[in-house]
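# Summary of structural features
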Amino acid sequence: MAKVIIIGGGAAGMIAAYSAALTSKQVILLEKNEKLGKKIFITGKGRCNLTNASNMNTVMENVVSNKRFLFSAFKNFTNEDIMRLVEENGTKLKIERGNRVFPVSDHSSDIIKSLENALRALNVDIRLNTKVDSLLIENDICKGVIIGKNKIMADAVIVATGGMSYQATGSDGDGYRFAKEAGLSVSKLYPSLVPFNIEGDRIKALQGLSLKNVNVYIYNDKKLVYDEFGEMLFTHFGVSGPVIISASAIIGNKNIKGYRLCIDLKPALDEEKLDERILRDFTEQKNKSLKNSLNKLFPAKLIDEVIYQSKIDPEKKVNLLTKEERQRLVHATKNLEYVISSTRGFNEAIITKGGVEVSQINPKTMESKKIKGLFFAGEVLDLDAFTGGYNLQIAWSTGYAAGEGAGE
Ligand SMILES: Cc1cc2nc3c(=O)[nH]c(=O)nc-3n(C[C@H](O)[C@H](O)[C@H](O)COP(=O)(O)OP(=O)(O)OC[C@H]3O[C@@H](n4cnc5c(N)ncnc54)[C@H](O)[C@@H]3O)c2cc1C
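As the structure is a prediction and not an experimental result, all values here were calculated from the model. (Residues numbered from 1 in each chain as written. Predicted model: local features only at pLDDT ≥ 70, side-chain atom pairs only at ≥ 80, totals over all residues. Heavy atoms only, no water.)

Before going further, it helps to spend a moment on the environment of L290. Turning to its location among the elements, L290 is positioned in the loop between α9 (271-284) and α10 (300-310). For L290, a relative accessible area of 0% puts it in the buried group. Residues L290 and D304, spaced 14 residues apart in sequence, show a C-alpha to C-alpha distance of 9.7 Å. Contact partners of L290, with chain neighbours within four places excluded, come to F282, I307, I312, D313, P314, K316, V318, L321 and L329. (Helix = DSSP H or I, 4+ residues; strand = E, 2+ residues; numbered from the N terminus. Buried < 20%, exposed > 50% of the residue type's maximum accessible area, 1.4 Å probe, protein only. Contact = heavy atoms within 4.5 Å.)

This part is about the nonpolar core. Judged by nonpolar contacts, the single largest core of 84 residues is most densely connected at L115, V145, F376, L381 and W396. For V145, the contacting residues outside a window of four places in its chain are I5, I7, L30, V132, S134, L135, L136, N150, K151, I152 and V157. Membership of the second largest hydrophobic core comes to 42 residues, among which are F282, L294, F298 and L302. (Core = buried A, V, L, I, M, F, W, Y, C linked by side-chain atoms within 4.5 Å.)

A few words now on the site of the ligand. The environment of the ligand is made up of 36 residues, and the closest members are A12, E31, D174, E379 and L392. Within the backbone of L392, an N or O atom sits 2.7 Å from an oxygen atom of the ligand. For the shell around the ligand, the elements supplying multiple residues, two or more each, are α1 (11-23), α2 (38-42), α7 (174-181) and α12 (390-407). Per-element accounting of the shell around the ligand gives the leading share, four residues, to α12. Residues belonging to the shell around the ligand are distributed by class as follows: 15 nonpolar, 15 polar and six charged. (Near = heavy atom within 4 Å. Polar contact = N/O pair within 3.5 Å; in protein donor to acceptor, adjacent residues only side chain to side chain. Nonpolar A, V, L, I, M, F, W, Y, C, P; charged D, E, K, R; others polar.)

It is the contact of α1 with helix α6 (residues 108-121), at a shortest axis distance of 9 Å, that shows an interaxial angle of 25°. Looking at the two axes, α1 sits roughly parallel to α6. The element α1 and its partner α6 pack so that their crossing is left-handed. Across the interface between the two elements, M14, I15, A17 and Y18 of α1 pack against I112, L115, A118 and L119 of α6. Of the residues that constitute the contact of α1 with α6, the class distribution is eight nonpolar, no polar and no charged. (Axes fitted to C-alpha atoms, helices over the stretch in contact; angles between N-to-C directions. Parallel < 35°, antiparallel > 145°, perpendicular 65-115°, else oblique. Left-handed = near helix turned anticlockwise from the far one by under 90°.)

Below, the discussion takes up the side chain of T235. Tracing the backbone through its elements, the reader meets T235 in the loop between β15 (223-234) and β16 (238-240). Owing to a relative accessible area of 12%, T235 belongs among the buried residues under this scheme. Residues in contact with T235, not counting those within four places in the same chain, are I203, Q207 and S240.

Let's shift gears to the sheet that holds strand β11 (residues 156-159). Hydrogen bonding along the main chain pairs the strands of a sheet, whether they run parallel or antiparallel. Read from one edge to the other, the open sheet built from five strands follows the order β7-β2-β1-β11-β20, with strand pairing classed as parallel. The strands lining the two open edges of the sheet, one partner per strand, are β7 (125-127) and β20 (374-376). Here the strands of the sheet are splayed against their neighbours by 20° on average, with no regard to which way each runs. Sheet topology note: the strand β1 (residues 3-7)/strand β2 (residues 26-30) ladder contains five bridges and is parallel. What sits directly across from K3, in β2, is Q26. (Pairing = 2+ DSSP bridges.)

A large share of strand β17 (residues 260-264) lies buried, amounting to four of its five residues. As paired elements, strand β14 (residues 210-220) and β17 share five bridges and run antiparallel to each other. Looking at the pairing, N215 lines up with D264 of β17. Alignment of β17 against strand β18 (residues 336-343), held across four bridges, turns out to be antiparallel. Note on β18: the bridge partner recorded for I263 is L336.

Encoded structure:
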């Protein structure tokens, strides 16, 4: 029957408050914004992909950092549990491509409303516009929180302050500071699930071009570090889209300046077949210049770029092209190459990679092994996953475990 304080009314904090309130009479949820769930509101492009309906083994496979830490929390509060809770509190759900779960209404605000309903039914004391300044810790025991000149005492405090991305939603890194002040280690923070900047200006001409069914390879010098088939997008600064965003989850914490991005524009054709295809196109358009003969093969915006990377005169008539030049064209089509300069920043990142090191946290209860009564949940922990509803599932499962642990 502990008195529990939760700092942060996002995904993890709301679920933590819910599960704490199942056993504890006095649960206080402190949120610095004027409303709960500001980040949930912008998830899934405003539709909230709240979890993934695949079996929990698949959910686990889509976690990138520290997946083993999540074993117990995932087992204790699953994707089905969050779906049931949300539906019981008024929001019907649907499952889309890739087992992504969304509200039938396509409104993330409905998910927030359902969670608020669940909290109000359990009489959680929700205090908005309340920013916690620091934790109150004495003799390695967390005794409450400090807000300005005031103290609120508690038997347990859950830090669910989120990561560093999209700071306008409220998550601006306070939780990392709280952890450090409590003597805990925080691993280096990186923007993740984020686009890449590309060196040079040529990329600007491709802005807005979206490519489907391409294979993306990323090399560190000669070493292949990423290989994925799917969809990508050119922007005014570089590249984005699903395969690029996923790449950032894997290599975004490396020093990627100078890594090479190679795009295979025709992965279904090997070099020989592609050459045959190009020859066929050229035979049909003998007297045309190269730049006017590739419109069947590439979108208009790409033609100049592929020719540029093939190092062929765009005005050259196709019937005058040498075999060697054609080979260069084939090579550029299968290896359109760019140099990555960096990832974009936290303000464009879906999540933060890094955080409170999980080796210091009990994976069953989310309690700090060092400071009694201090719990962590959600993105503030060093946990992250691919897109598809997995990051919110991390918040739900760790939040539930922390609430349960603190409530006891
Ligand atoms: C654009 C975008 C789209 C996304 N889409 C999806 C998606 O569709 N599916 C998915 O699974 N994941 C998605 N994510 C990731 C997902 O939103 C996060 O992983 C998740 O919200 C993390 O939950 P959290 O509770 O840990 O943190 P948050 O949801 O960020 O909540 C933290 C809360 O703590 C509050 N807070 C911070 N400091 C203090 C303080 N000192 N005092 C009081 N309160 C404080 C903040 O105001 C905030 O409300 C998306 C993220 C972004 C940015």
